[in-house]
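A look at the structure
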Amino acid sequence: MQQLVAVVIDGIIYSAWLFVAAVGLTLIYGVMKILNVAHGSFYALGAYAAASIAGALLAGGMPPMLSYAVLLGAALLVAIVLGPLIERGILRFMYARDEVVILLITYALFLILEDVIKLIWGVDPYFIAEPYGLLGSFDVADLTYPYYNLILVGVAIACGAGLAWTLTRTKTGKLLLAVIHDTEVSRAMGINVGRFYMVTFTFGSLLAAIGGAFTAPTVSVVPGLGVEVIVLSFAVVVIGGLGSLPGAALGAVIVGLVRSATIHYLPQAELFVIYLVMAMVLAFRPRGLFMLAEARKI
Amino acid sequence: MRPDRTPWVLGAILAVLLVVGPFAPLWVVFPVTIAIAKGLVALGLMILLRCGLVSFGQALYYCIGAYTAGMLGRVFELDGVFTLMLAGMAVAAATAYVLGFLLARYRGIFFGLLSLAFSMIFYGLLVKSETLGSTDGFNVLPSTLFGIRPADEWVRYAVLAAASSVAFVAALLVHRYLRTPLGSLAPAIKDNEIRVEYMGASARYAIHVKYVIAAALAGLGGGLAATTVGHIDPEMAYWTVSGEFVFITILAGTGNVIAPFLGALIFEGIRNVAFAVSPNTWQMVLGGALLAVIVFLPNGLWSLFRRGRAA
Amino acid sequence: MQRTRKLVASIAAAALCVPALAVAQDAAPIKVGVVTFLSGPAAGPFGVPARNAAEITIEMLNGGKVPKPYDQKGFGGARLQMVLVDESGGTTTQVTEFRNLVQRDNVDVVIGYISSGSCLGIAPVAEELKTLTVFFDCGTPRIFEERDYKYVFRTSSTATMDSVGAALYVKDLKPNAKVIAGLNQNYAWGQDSWGDFELSMKQIFPKIEVATSQMPKLFAGQYNAEISTLLNAKADVIHSSFWDGDLEAFILQAGPRGLFKRSVVVLTTGETAMYKLADKIPDGVVIGARGPYGPYAPDNELNKWYSATFQDRYNVPPNYAAYQMTQAILGTKAAWEKAQAANGGKRPSIDQVIAAFERLTFTGPGGEVRMAIGKGHQAITETAYGVTKKVGGKMTVANVKRYPAETVNPPDGVKAADWIKNGFKK
């Protein structure tokens with residue numbers, strides 16, 4: 001029983017992390033049909049920006065409690081500078097090309113950004129551990145967890161709920177759904193599709209950067225941070241159904257719980273359990289859990 | 001109809017490789033051999049790409065080919081370069097035949113990602129197999145040619161000659177295949193699968209066949225890479241390796257069976273130069289070069305050769 | 001026994017001084033290929049410190065500024081010229097780059113390789129191309145266990161030493177240990193490290209119980225679930241061969257959850273993280289440095305010079321990867337100059353250098369190195385472990401125990417795993 005509680009808590013924390021890291025990918029795919037490998041770079045950039053900016057401000061005497069806001073600000077900064085730059089500067093000229101060619105362009109961007117990160121921040125690790133322990137911790141089932149993990153869960157819920165609300169309850173969201181369903185007609189009706197693409201890409205990148213920024217306090221920010229996230233988030237959004245917001249949420253929860261259970265009961269299988277889940281889901285639901293012909297995609 | 005010049009061009013390339021090989025500096029011979037191995041994999045991917053399918057898990061068969069060659073050497077002490085390559089090809093094709101029943105039902109991104117999942121599961125299994133050295137892998141015996149071990153200074157040339165001969169045969173067969181009714185179905189499947197079915201052909205069957213051929217070529221390339229490099233490890237099945245193969249294929253274009261080999265050669269060349277010129281930022285050079293090719297040559301490198309003729 | 005060794009060492013040292021008198025006749029530079037990780041996760045903790053070590057060592061050697069017995073310029077008077085290569089990109093790429101180094105750039109010696117996979121892949125190629133190749137850091141004992149090599153040397157001890165040393169230290173620190181647990185990365189290094197440690201513990205404590213062995217994917221980064229299982233294990237000792245980002249993430253995540261309070265944690269490569277995370281590592285964590293390096297380095301002239309010069313240039317103390325790189329270069333220099341002395345002061349052939357390198361004893365900034373096993377191609381060194389202790393806010397190691405080379409390394413010709421299974425028989 002006690003172990004089961006730990007499985008669920010660990011699973012939920014991991015799911016929250018996965019969801020924030022992956023949801024931007026599904027948003028961008030849903031709207032633009034781009035499987036964005038550079039998503040991992042935005043995650044890494046978010047983490048680097050958060051660690052270096054918050055670190056500098058804390059060293060300059062900022063009250064530690066403000067560091068949570070700084071994490072968010074750092075992610076915003078990364079997305080607002082780089083998102084439009086990449087979308088307007090490169091991607092928009094490529095929309096007529098094959099899906100896979102665009103995927104390769106994002107892969108080339110990923111390679112370039114890896115070295116850009118190295119040129120800016122070097123190879124030494126960055127730490128911004130203060131926010132992790134700042135809020136104290138709680139005890140469950142003989143285990144201690146820092147409250148910060150709840151912040152991560154909160155960020156995940158806020159991201160998911162915020163996205164869902166924007167898409168279904170606001171005018172912008174409805175226009176965006178029109179763009180998703182028929183780009184040509186939307187354009188004919190006077191919707192500025194190019195701007196929607198730019199905003200979507202920036203927003204999707206922002207989500208990746210937030211994922212990185214809020215992970216930064218729990219890890220050491222090092223080169224190669226983004227690589228690991230790419231395939232993991234691919235797996236999550238594919239399990240859920242590419243382009244589906246509830247799918248990404250469900251995918252994250254499934255992967256999170258399965259991984260956590262594996263670690264507790266069968267640690268040897270941790271290495272490939274995620275891909276096993278992905279293969280199983282695709283074998284029985286070839287387009288993922290939430291991707292039906294008539295399903296409403298974001 | 002224009003006379004088919006491809007077999008002659010292929011033959012000429014083979015002749016050049018065989019004749020120039022002994023005089024080329026050794027540091028050129030090795031990457032060319034590696035490029036042939038990778039070109040074989042890309043050739044298979046090209047067949048799939050022509051019907052609109054992209055596999056992000058082709059490294060699975062590359063790695064199966066390599067491990068088959070390695071295990072044959074380890075367990076049975078076989079070291080004939082052709083035996084190892086053909087064995088790698090056979091095991092890869094057999095695996096693809098089985099997985100093909102599932103994968104032939106998938107299209108688009110899901111085909112790519114399911115094949116990725118399979119390659120990553122195989123990677124995981126190899127990492128877990130500590131008797132095979134886990135991620136460190138193990139050495140492959142130096143290969144022999146029909147039972148003869150060439151003298152040290154001729155080993156590299158012998159492997160190159162064997163590799164280019166095999167690649168020549170493979171490219172020629174694929175070229176022929178693309179002109180058969182089943183082979184020429186590819187663009188039709190890409191455009192409209194329903195019409196293909198109405199014509200009485202089975203798209204799923206055609207894709208299954210293509211998938212097995214692609215895997216066989218990847219296994220061949222893997223076996224060749226194993227004997228050439230002399231060491232194998234599970235990373236050969238990792239998704240980044242698959243990504244590299246896809247990159248080569250797209251870079252090359254689908255115009256001709258020569259294109260994948262050209263793509264592989266240029267990819268290896270760029271990477272080699274990038275390593276030498278900027279050891280600290282070679283990824284950026286590689287990424288920039290690849291981006292430039294995609295942007296300025298929309299139909300791949302092969303379009304450079306087509307342009308003159310189309311005019 | 002010990003006395004004979006000292007005698008051999010001093011004879012070797014004396015031999016090294018001879019060429020200093022001979023005037024360098026061959027002034028053609030010696031090209032040294034240096035291969036370490038310049039990108040990816042291994043660059044920060046190992047690759048770049050090792051590159052810095054190579055740069056500064058080669059520069060100082062060329063300037064003749066290294067203390068005795070290494071005060072002669074370059075190798076035997078000939079200047080050194082460094083060709084740098086990134087170790088990333090997998091084995092195929094590395095084999096290609098190694099061939100480029102030898103056949104295109106015509107290097108005389110290659111020094112490098114951090115990943116055991118690279119080392120296993122490169123060794124047969126070095127043999128094929130007849131190129132003197134010195135591995136400086138990679139850990140797997142398989143290299144000289146599976147094959148004999150003529151052209152390949154390794155100047156640092158194998159990973160076996162780290163695990164055996166850790167087990168011996170646990171015996172000294174917690175003689176009543178009953179339950180152990182492990183947290184290691186799921187790849188060759190992690191599997192071997194844990195395998196050797198578990199085996200050694202079972203030899204030392206026949207009744208030891210293994211509560212759990214966690215093997216997360218390499219670079220997973222998120223360890224909450226693993227830490228939960230380790231907390232539940234209530235083990236006396238937790239062994240981890242985590243390195244770099246994974247190690248640091250583990251320390252950051254385990255600290256607030258109280259893992260260090262519940263168990264003694266042994267970090268076999270902890271030295272690369274101990275200064276960076278000084279305020280996050282509590283007192284009493286067992287720290288290893290893969291040999292007598294960093295905080296465990298001996299207090300001799302060479303080390304004083306080395307750590308001061310390195311600190312001065314790069315503003316950080318050299319970590320064990322840096323020590324190992326300098327050790328590899330100095331070892332090659334020692335062999336080269338011994339061969340040159342034997343060759344009448346003329347530039348030696350590679351075969352002569354190899355003959356001099358086999359069974360060589362030399363001194364690095366980490367103390368005495370003996371090329372004693374692997375038919376004279378594999379080094380053994382002493383090792384040391386200690387626990388963290390903050391003194392006036394500064395991170396130091398306390399309760400340091402040193403283990404002589406023979407205690408923690410198998411004898412020549414015996415496989416590491418067999419040696420442990422047979423109860424460390426000499």
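Residues numbered from 1 in each chain as written. Chains lettered and ligands numbered in written order. Predicted model: local features only at pLDDT ≥ 70, side-chain atom pairs only at ≥ 80, totals over all residues. Heavy atoms only, no water.

Helix and strand content of chain A: 12 helices and two strands. When its helices and strands are written in sequence order, chain A yields α-α-α-α-α-β-β-α-α-α-α-α-α-α. In chain A, which comprises 298 residues, the share counted as buried stands at 62%. Taking the intrachain contacts of chain A between residues at least 6 apart in sequence as the baseline, contacts between residues at least 24 apart amount to 77%. Counting only carbon and sulfur atoms, one obtains 70% of the accessible surface of chain A, whose full area is about 10800 Å². Side-chain charges in chain A split into 15 positive and 15 negative, and the spacing between the mean points of these groups amounts to 16 Å. (Helix = DSSP H or I, 4+ residues; strand = E, 2+ residues; numbered from the N terminus. Buried < 20%, exposed > 50% of the residue type's maximum accessible area, 1.4 Å probe, protein only. Contact = heavy atoms within 4.5 Å. Areas by Shrake-Rupley, 256 points an atom, 1.4 Å probe, with all protein chains shown as cover. Lys, Arg positive; Asp, Glu negative; His and termini not counted. Charge placed at Lys NZ, Arg CZ, Asp CG, Glu CD.)

This next bit is on the overall build of chain B. A tally of regular secondary structure across chain B gives 13 helices and two strands. Taken against the 2.2 N^0.38 rule, which gives 19 Å for 311 residues, the C-alpha radius of gyration of chain B at 19 Å falls within 12% of a compact globule. The C-alpha extent of chain B, read off along each of the three principal axes, is 55 × 45 × 40 Å. Across the 311 residues that make up chain B, the buried fraction comes to 61%. Considering only intrachain contacts with a sequence separation of at least 6, the fraction spanning at least 24 residues in chain B is 81%. In the structure as shown, chain B presents an accessible area of about 12000 Å², 69% of it carried by carbon and sulfur atoms. (Rg over C-alpha atoms; globule rule 2.2 N^0.38 Å.)

Tallying the contact residues gives 35 residues for chain A and 39 residues for chain C. Carbon and sulfur atoms make up 55% of the surface buried where chain A meets chain C, a total of about 3100 Å² over both sides. Our count for the contact surface shared by chain A and chain C stands at four salt bridges. Two residues, E226 of chain C and R259 of chain A, come together in a salt bridge whose shortest N-O distance is 3.2 Å. If you look at where chain A meets chain C, you find 15 residue pairs in polar contact (both at pLDDT 80 or more). Going through the elements one at a time, α1 (2–32), β2 (143–146), α11 (245–265) and α12 (270–284) of chain A are the ones with two or more residues in the side of chain A that touches chain C. (Buried area = accessible area lost by both parts, 1.4 Å probe. Salt bridge = Lys/Arg side-chain N within 4 Å of Asp/Glu carboxyl O. Polar contact = N/O pair within 3.5 Å; in protein donor to acceptor, adjacent residues only side chain to side chain.)

Residues and elements named next belong to chain C. Using the criterion set out here, one finds one disulfide over all chains in the structure. Here C119 connects covalently by a disulfide to C138, the sulfurs 2.1 Å from one another. Its S-S torsion of about -100° marks the bond between C119 and C138 as left-handed, since a negative value means left-handed. Taken as a pair, C119 in helix α4 (residues 116–129) and C138 in the loop between β4 (132–135) and α5 (142–146) lie far apart in primary sequence, 19 residues in all. A residue is classified by how much of its surface remains accessible, and C119, at 0% relative accessible area, is buried. (Disulfide = S-S within 2.5 Å.)

With 37 residues of chain B in contact, the opposing surface of chain A contributes 42 residues. Here chain B and chain A share an interface that buries about 3500 Å² over both sides, 79% of which is from carbon and sulfur atoms. Joining chain B to chain A, the criterion identifies zero salt bridges. Listing elements by their share of the side of chain B that touches chain A, those giving two or more residues are α5 (108–128), α10 (239–252) and α12 (282–296) of chain B. Per element, the largest residue contribution to the side of chain B that touches chain A is 13 residues, and it comes from α5 of chain B. Class assignment for the residues of the side of chain B that touches chain A results in 27 nonpolar, seven polar and three charged. (Nonpolar A, V, L, I, M, F, W, Y, C, P; charged D, E, K, R; others polar.)

As a further point, take the packing of helix α2 (residues 26–50) of chain B against helix α11 (residues 259–277) of chain B. Residues and elements named next belong to chain B. Where α2 meets α11, the closest approach of the two axes is 7 Å, and the angle between their N-to-C directions is 135°. By the angle between their directions, the pair α2 and α11 is classed as oblique. For the crossing formed where α2 meets α11, the hand is right-handed. Packed against α2, whose contacting residues are P31, V32, I34, A35, I36, K38, G39, L40, A42, L43 and M46, the element α11 presents P260, F261, A264, L265, E268 and N272 at the interface. Considering only residue class, the contact of α2 with α11 consists of 13 nonpolar, two polar and two charged. (Axes fitted to C-alpha atoms, helices over the stretch in contact; angles between N-to-C directions. Parallel < 35°, antiparallel > 145°, perpendicular 65-115°, else oblique. Left-handed = near helix turned anticlockwise from the far one by under 90°.)

Scanning the model with the defined rule gives 39 aromatic pairs over all chains in all. Taking the centre distance of 5.1 Å and the plane angle of 45° together, the rings of F138 of chain A and Y147 of chain A count as tilted. When the ring of F242 of chain C is compared with that of F250 of chain C, the centres are 5.9 Å apart and the planes differ by 65°; the resulting orientation is edge-to-face. Each of the two residues, F242 of chain C as well as F250 of chain C, counts as buried. One Lys or Arg, R74 of chain B, reaches over the ring of F138 of chain B and ends 4.4 Å from the middle of that ring. In this arrangement the basic side chain of R104 of chain C is found over the ring face of W27 of chain B, its NZ or CZ atom lying 5.5 Å from the centre. (Phe/Tyr/Trp six-rings, centres within 6.5 Å; stacked < 30°, edge-to-face > 60°. Lys NZ or Arg CZ within 6 Å of the ring centre and 35° of its normal.)

Before going further, it helps to examine the sheet that holds strand β6 (residues 179–183) of chain C. Residues and elements named next belong to chain C. Pairing is mixed across the open sheet formed by seven strands, whose spatial order is β7-β6-β8-β9-β10-β14-β15. Both edges of this open sheet fall to β7 (209–214) and β15 (394–403), since each of them pairs with a single strand only. Adjacent strand axes in the sheet meet at a mean angle of 25° when their direction is disregarded. (Pairing = 2+ DSSP bridges.)

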